[in-house]
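# Summary of the model geometry
The chain contents come next:
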Amino acid sequence: MTKPTAHTTNSDTPKKDDISHRLYEDVLALLLGTMVVSLGVTLYSESVLVTGSTAGAALLIAHATGFSFGVIFFVINLPFYWLAYKRMGKAFTIKTFVAVGLVSVFSKLTPMMVDFTMLNPIYAAVAGGALMGIGLLMLFRHRAGLGGINILALYLQEHFGIRAGYVQLAIDMIILIIAFLTLPFDKVLLSILGAVVLNLIIAINHRPGRYLAAR
């Protein structure tokens, strides 16, 4: 007696289209993710805190010079788009360019829409770090970033399996050490607390292979 041949149905094997993000999903993720990041940046800006990556560098320059964070953040990311295009692909580069532009705009608009008459600096450090971590996680899962160190961290994760959160945490610590030269000691300590919260969110929730989406 011959054994029955097993037939694989379409429902048994997921198709690429089943896991790929649709255009409207990418658009919503870019909008919501950058809005959340911008709110976190606003909490940091109001409390004179800094974060890591290019956003931290932009905040440091903004605190020192008084120039707009949005403009500095956009300009400081420009050199990294070549690496993004060469290593991460055209789609990632375009999404990242859009995300950086949106954060630059939203970070300018957010202080006009919210007013903090009282803002506890410890709360600002923890909540701001959490908001930026959640926003970045949304962008990462739709194959986008916020330029600079995000591009390098995602490249190392995708090609070498090194978690993006740990890469960013190491580089962020270097940036925050530099902040000791320009900010009060207590502000830098709170900024380090926020950086730990931000990067732990990414490290725990964005492991290689845990969340797969078609490119």
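Residues numbered from 1 in each chain as written. Predicted model: local features only at pLDDT ≥ 70, side-chain atom pairs only at ≥ 80, totals over all residues. Heavy atoms only, no water.

## As for the packing of aromatic side chains
Here is the rule: Ring pairs shown here join Phe, Tyr and Trp side chains whose ring centres sit within 6.5 Å, with only the six-membered ring taken for Trp; geometry is labelled stacked below 30 degrees between planes, edge-to-face above 60, and tilted in between. Secondary structure elements are taken from DSSP: a helix is a run of H or I of four residues or more, a strand is a run of E of two residues or more, and numbering for both begins at the N terminus. With a 1.4 Å probe rolled over the protein chains alone, any residue whose accessible area is under 20% of its type maximum counts as buried; one over 50% counts as exposed, and the rest are partly exposed.
All chains considered together, the criterion is met by 4 aromatic pairs. Measuring from ring centre to ring centre gives 5.7 Å for Phe74 and Phe97, while their planes differ by 65°; the resulting arrangement is edge-to-face. Separated by 23 residues along the polypeptide, Phe74 in helix 4 (residues 69–77) and Phe97 in helix 6 (residues 90–113) bring together distant segments of the chain. For Phe97, a relative accessible area of 39% translates into the label partly exposed.

## Some words on a nonpolar patch on the surface
Under the convention used in this document: By definition, no residue in a patch forms a salt bridge, and every one has over 30% relative accessible area; like charges are joined within 9 Å, nonpolar side chains (Val, Leu, Ile, Met, Phe, Trp, Tyr) within 5 Å. Calculation of accessible area relied on Shrake-Rupley with a 1.4 Å probe; when residues are assessed, cover is drawn exclusively from the protein chains displayed. The term salt bridge refers to a side-chain nitrogen of Lys or Arg lying within 4 Å of a carboxyl oxygen of Asp or Glu.
On the surface, Leu23, Tyr24, Val27, Leu28, Leu31, Leu32 and Met35 cluster together into a nonpolar patch covering about 700 Å² of accessible area. By the secondary structure assignment, Val27 is in helix 2 (residues 23–46). The exposure class of Val27 is partly exposed, given its relative accessible area of 39%.

## A look at helix 9 (residues 164–179)
Using the following cut-off: Take the number of residues in a helix, subtract one, and multiply by 1.5 Å to get its expected span. Note: the arc covers the axis-to-C-beta directions of the helix.
Over its 16 residues, helix 9 runs 22 Å from end to end, which matches the ideal 22 Å to within 8%, given 1.5 Å per residue. Of all the positions in helix 9, only Ala164, Gly165, Val167, Gln168, Asp172, Ile175, Leu176 and Ala179 are classed as buried. One side of helix 9 holds all its buried residues, which, seen down the axis, span an arc of 160°. Relative to its buried face, helix 9 has exposed residues pointing more than 90 degrees away, namely Ile174 and Ile177.

## Considering the environment of Ser191
Condition: Here, residues are in contact when the closest pair of their heavy atoms is within 4.5 Å. Under the rule applied, a polar contact is a pair of N or O atoms within 3.5 Å (in protein, one hydrogen donor and one hydrogen acceptor; residues adjacent in sequence only if both atoms are side-chain atoms).
With respect to the helices and strands, the residue Ser191 is situated in helix 10 (residues 185–205). Excluding its chain neighbours within four sequence positions, the residues that come into contact with Ser191 are Tyr44, Leu49, Val50 and Leu176. Within polar-contact distance, the side chain of Ser191 engages the backbone oxygen of Lys187 at 2.8 Å.

## A short note on the packing of helix 5 (residues 81–88) against helix 6
The following threshold applies: To get an axis, fit a line to the C-alpha atoms, keeping to the stretch in contact for a helix; angles then go from 0 to 180 degrees between the N-to-C directions. Angle categories: roughly parallel below 35 degrees, roughly antiparallel above 145, roughly perpendicular from 65 to 115, and oblique for all the rest. By definition, any crossing whose near helix is turned counterclockwise from its far helix by less than a right angle is left-handed, and any crossing with a clockwise turn is right-handed.
The N-to-C vectors of helix 5 and helix 6 enclose an angle of 150°; their axes lie 7 Å apart at closest approach. In terms of orientation, helix 5 and helix 6 fall into the roughly antiparallel class. Our pair here, helix 5 against helix 6, has a crossing hand that is right-handed. Contacts from Tyr81, Ala84, Tyr85 and Met88 in helix 5 reach Lys90, Phe92, Thr93, Thr96, Phe97 and Val100 in helix 6.

In short, geometric facts, not functional conclusions.
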